[in-house]
Amino acid sequence: MNRREPLKSAIEELLDDVDGVLALRSTSGHVAPHLFCGRQELEELAVSPKYSLPATLRLIQAAHPEARLGIVCRGCEERGLIEMAKRNQINLDLVTVIGLACTPEEAEECRCAKPYPSVLVETHVGERAEPVVDQLVEELRQKDVAQRMEFWRKHFDRCIKCYACRNACPQCFCPECTLEEGLWVETGEVPPTYPTFHLIRAMHTAGKCVGCRECELSCPAGIPLTTLYALIREDVREMFGYEPGADLDQQPPLVLPVEVES
Amino acid sequence: MWGPQIVAYACTYCSYPGADLAGTSRIKYSPNVNIIRVLCSGRVSPELILRTFREGADGVLVLGCHYGDCHFISGNHRTAKRVAVLKRVLEYSGIDPNRLRLEWVSASEGARFAQVVDEFTETVRQLEPMERVLA
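Conventions and cut-offs
- Residues numbered from 1 in each chain as written.
- Chains lettered and ligands numbered in written order.
- Predicted model: local features only at pLDDT ≥ 70, side-chain atom pairs only at ≥ 80, totals over all residues.
- Helix = DSSP H or I, 4+ residues; strand = E, 2+ residues; numbered from the N terminus.
- Rg over C-alpha atoms; globule rule 2.2 N^0.38 Å.
- Contact = placed C-beta atoms within 7 Å.
- Axes fitted to C-alpha atoms, helices over the stretch in contact; angles between N-to-C directions.
- Parallel < 35°, antiparallel > 145°, perpendicular 65-115°, else oblique.
- Left-handed = near helix turned anticlockwise from the far one by under 90°.
- Nonpolar A, V, L, I, M, F, W, Y, C, P; charged D, E, K, R; others polar.
- Pairing = 2+ DSSP bridges.
- Buried ≥ 20, exposed ≤ 12 C-beta atoms within 10 Å, placed from the backbone.
- Right-handed = clockwise from strand over helix to strand, strands pointing away.
- Domains from an automatic or database assignment.
- Core = buried A, V, L, I, M, F, W, Y, C linked by C-beta atoms within 7 Å.

Peer 1: Quick rundown of the overall build of chain B? Include the residues and the values.
Peer 2: A count of helical and extended segments in chain B gives five helices and four strands. When the elements of chain B are put in sequence order from the N terminus, they spell out β-α-β-α-β-α-β-α-α. Computed over C-alpha atoms, the radius of gyration of chain B comes to 14 Å, within 12% of the 14 Å expected from 2.2 N^0.38 for 135 residues, which places it in the range of a compact globule. With respect to the principal axes defined by its C-alpha atoms, chain B has extents near 40 × 35 × 20 Å. Sequence separation of 24 or more characterises 80% of the internal contacts of chain B that already satisfy a separation of 6 or more.

Peer 1: Lay out the packing of helix α8 (residues 196–205) of chain A against helix α2 (residues 46–54) of chain B with the relevant residues and their values.
Peer 2: Taken N-terminus to C-terminus, the directions of α8(A) and α2(B) make an angle of 155°; their axes are 10 Å apart at the nearest point. Overall, the two elements α8(A) and α2(B) adopt an arrangement that is roughly antiparallel. Between α8(A) and α2(B) lies a crossing of right-handed hand. Of the residues in α2(B), those in contact with A:T196, A:L199, A:I200 and A:M203 of α8(A) are B:P46, B:E47, B:L50, B:R51 and B:R54. Taken together, the residues of the contact of α8(A) with α2(B) sort by class into five nonpolar, one polar and three charged.

Peer 1: So what's going on with the sheet that holds strand β1 (residues 6–11) of chain B? Residues and values would help.
Peer 2: Residue and element names in this part refer to chain B. The four strands lie next to each other as β2-β1-β3-β4, forming an open sheet whose pairing is parallel. On the outer flanks of this sheet lie β2 (33–38) and β4 (100–104), each paired with one strand and no other. Here the strands of the sheet are splayed against their neighbours by 20° on average, with no regard to which way each runs. The strands touched by helix α3 (residues 75–93) within the sheet are β3 (59–64) and β4, with β4 carrying the most contacts at an inclination of about 160°.

Peer 1: Break down the pairing of strand β5 (residues 95–100) of chain A for me, with residues and values.
Peer 2: All names here are of chain A. For β5, a buried count of five out of six residues is recorded, marking the element as mostly surrounded by other parts of the structure. In this fold, strand β4 (residues 69–73) hands off to helix α3 (residues 75–86), which returns the chain to β5; that crossover is right-handed. Relative to strand β6 (residues 124–125), β5 is paired through two bridges, and the arrangement is parallel. What sits directly across from G99, in β6, is H124. Assessed by its sense of winding, the connection that carries the chain from β5 through helix α4 (residues 104–110) to β6 is right-handed.

Peer 1: With reference to specific residues and values, describe the interface of chain B and chain A.
Peer 2: With 25 residues of chain B at the contact, the number on the chain A side is 28 residues. Those elements that place two or more of their residues in the side of chain B that touches chain A are α2, α3 and α5 (130–134) of chain B. Counting residues per element, the side of chain B that touches chain A draws most heavily on α3(B), at twelve residues. Of the residues that constitute the side of chain B that touches chain A, the class distribution is 13 nonpolar, four polar and eight charged.

Peer 1: Help me get a handle on the domain arrangement of chain A, residues and values and all.
Peer 2: All names here are of chain A. Here the domain parsing of chain A yields domain 1 (4–125) and domain 2 (135–255). Computed from C-alpha coordinates alone, the two centres of domain 1 and domain 2 are separated by 25 Å. Contact residues are listed per partner, giving 20 residues for domain 1 and 16 residues for domain 2. Within the residue set of the side of domain 1 that touches domain 2, elements represented by two or more residues are α2 (54–63) and α3. It is α3 that provides the largest number of residues to the side of domain 1 that touches domain 2, a total of ten residues.

Peer 1: Which residues make up the nonpolar core, and what are the values?
Peer 2: Counting 107 residues, the largest nonpolar core has A:I71, A:V72, A:I232, B:A8 and B:V89 as the members making the most contacts within it. With residues near it in sequence (within four places) discarded, B:A8 still touches B:V33, B:N34, B:I35, B:I36, B:L61, B:L63 and B:V117.

Peer 1: Explain the environment of B:V89 to me, and be specific about the residues and the numbers.
Peer 2: Within the element layout of this structure, B:V89 appears in helix α3. Under the C-beta neighbour-count criterion, B:V89 is labelled buried, with 26 such atoms within 10 Å.

Below, the structure written as structure tokens:
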């Protein structure tokens, strides 16, 4: 099904009410985020590949806090937007969301458990694809601790410490990053020493990671980071009943006190 | 017998005096433990624990005040959640989660401190040296 035309008309409609709509634009064969401010630009509108727009939205809002903006959101981007709003990185009051559902192929590629938006929007462009079960997660669950070590060492040893995973992550917005501090992660060593670099990142994304797979897509070494984060996400849900990006009200669990019976 | 290297982070208000009491009460406990005093168990960040492992510690013990006793009110609450998550992270990435343990030891629990340390040392002794795991 063609999603571009309905998406284009949805943006056209929204442009009457907002200053600009953040979506993807294809120029000379390159797709990049673009703030569409006029209808004539929409000829260059692109739907895929996936590119996390909430991170771009955050930058635009930081420079123009008063701007009324629209944004095209896939399921993962919506979840990302919610988590960022909870941490005061974006102001959702000034943002209108246009939903976009992923195709079954895209959902399959991302091993996505919820490939459509449904919290901030009631309808979306495109049809809902079925959730996909991450086989690699199940596979890793079956392994014992030593086998897991072997699995991850094989992957982490290919790391070139380019920080692409952190840079691409919409949830990584700290002005100062622990991964750049020599105290915790040695400088000048490639691959970064195990277990600090990757496990620090895994810890820092716990309760935040929405499984958008940007880290994995941007990784030049093809490390299946999403799998590790997905395992942790399941545990955070099990331990604290918290699912990142599921709703706007629940507070992130890792900063709240434990509920103790007195 | 193999003697594991254990690093214990003890908070300055409860667990460190607890360890002190174990000493002044002449309670014997495992000599494998190296105690590091921290201002609050909430100060023990995942980075710190991971670096301790990387430096070759075979086990990391985080000791803090009981709930309600924290000098900083909720420092130990944060540690409790953080350590629980970190244990899972370690488990999934191939480090035995039993190498990390969180316990509450108050200033009056010298005997409990000794017991926790002894038990933990025995647990870690059953595992492979960290040096070999990370090699």
